[in-house]
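# Residue-level structure breakdown
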Amino acid sequence: SKYGYWEGDFSKDFSFSYCSSLVSAIVPTGVRTVSFQGCENLVSVVLPSDMTKIESSAFWDCRSLTSIEIPDNVTIIDDGAFYGTAIEHITIPANVTYIGYTSFFYCTDLRSINFDGTVAQWNAIEFGEDWNKDVPAKEVICSDGTVSLT
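Residues numbered from 1 in each chain as written. Predicted model: local features only at pLDDT ≥ 70, side-chain atom pairs only at ≥ 80, totals over all residues. Heavy atoms only, no water.

## Overview of the sheet that holds strand β7 (residues 76–77)
The strands that make up a sheet are held in pairs by hydrogen bonds between backbone atoms, and each pair lies either parallel or antiparallel. Selection rule: Here a strand pair is declared whenever DSSP counts at least two bridges between the two strands. By the criteria applied, helices consist of DSSP H or I runs no shorter than four residues and strands consist of E runs no shorter than two, each listed in order from the N terminus.
Ordered in space as β6-β7-β9-β11, the four strands form an open sheet in which the pairing is parallel. Edge strands, defined here as strands with exactly one partner in the open sheet, are β6 (53–54) and β11 (126–127). Two elements, β7 and strand β9 (residues 98–99), share two bridges in a ladder whose sense is parallel. What sits directly across from isoleucine 76, in β9, is tyrosine 98.

## Quick notes on the state of the cysteines
Just so we agree on the cut-off: The disulfide criterion used throughout: a pair of cysteine sulfur atoms within 2.5 Å. Only protein chains enter the accessibility calculation, which uses a 1.4 Å probe; a residue whose area is less than 20% of its type maximum is buried, one above 50% is exposed, and one in between is partly exposed.
Applying the stated criterion to the full structure yields zero disulfides. We note that cysteine 107 lacks a disulfide partner, and the nearest cysteine sulfur, in cysteine 62, lies 10 Å from it. Residue cysteine 107 is classed as buried on the basis of its relative accessible area of 0%.

## Focus: the confidence of the model for the chain
Test applied: Known as pLDDT, the predictor's per-residue confidence is scaled from 0 to 100. Two residues qualify as a contact provided that any one of their heavy atoms is within 4.5 Å of a heavy atom in the partner residue.
Taken over all residues, the pLDDT of the chain has a mean of 91, while the share at 70 or more is 91%. Low pLDDT (under 50) marks residues 1–10, which in the prediction has 16 contacts with non-local residues, meaning those over four places away or in another chain.

## Quick word on the nonpolar core
Stated formally: Among buried residues, those of type Ala, Val, Leu, Ile, Met, Phe, Trp, Tyr and Cys that are joined through side-chain atoms within 4.5 Å constitute a nonpolar core.
Core analysis: the biggest nonpolar cluster contains 40 residues, and Phe36, Phe59, Ile77, Phe82 and Phe104 have the highest contact counts within it. Every element with two or more residues in this core is listed here: β8 (89–92), β10 (112–115) and β12 (139–142). Apart from the residues lying within four places of it in its own chain, the contact partners of phenylalanine 82 are Ile54, Phe59, Ile68, Ile70, Ile77, Ile87, Ser103, Phe104 and Cys107.

## Let's talk about the pairing of β12
Burial along β12 is one-sided: Val140 and Cys142 are buried, and none of Glu139 and Ile141, which face the opposite way, are. Across two bridges, β10 lies against β12 in parallel orientation. Looking at the pairing, asparagine 114 lines up with isoleucine 141 of β12. Pairing geometry for β12 and strand β13 (residues 145–148), over four bridges, is antiparallel. Looking across to β13, one finds that valine 140 is bridged to valine 147. As consecutive antiparallel partners, β12 and β13 are separated by two residues.

Below you can see the structure in the form of structure tokens.
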């Protein structure tokens, strides 16, 4: 539309990589794969509640993306998923078991990380190298305590 907003009926793969005019998107239920890589003006995205994985580089270099809600069913945040975004706060669902290599690398505005699960669940997550490099957040707030990231 003329407002840079798109909502529609898409296939299982939803890709708008390097679409500089895209500002906002609502991803419909049933979509399993999203890619907004390089959408430098993307400000907001609503992901479907049935999504289980944030794909590798899904939001890579979306420099205007300041917030996103990760659906509760997500178990994997893959490599470079949010690399270089302007996200300021993130809540990671308790079901997440993997946060990949450079997932939040160079998210220099990310000052707050919450995890919906317990400290024990957080410590059981498999983390890729440099998953949080250059992130200013120094701790993760879990349902039963905090975990230091330093």
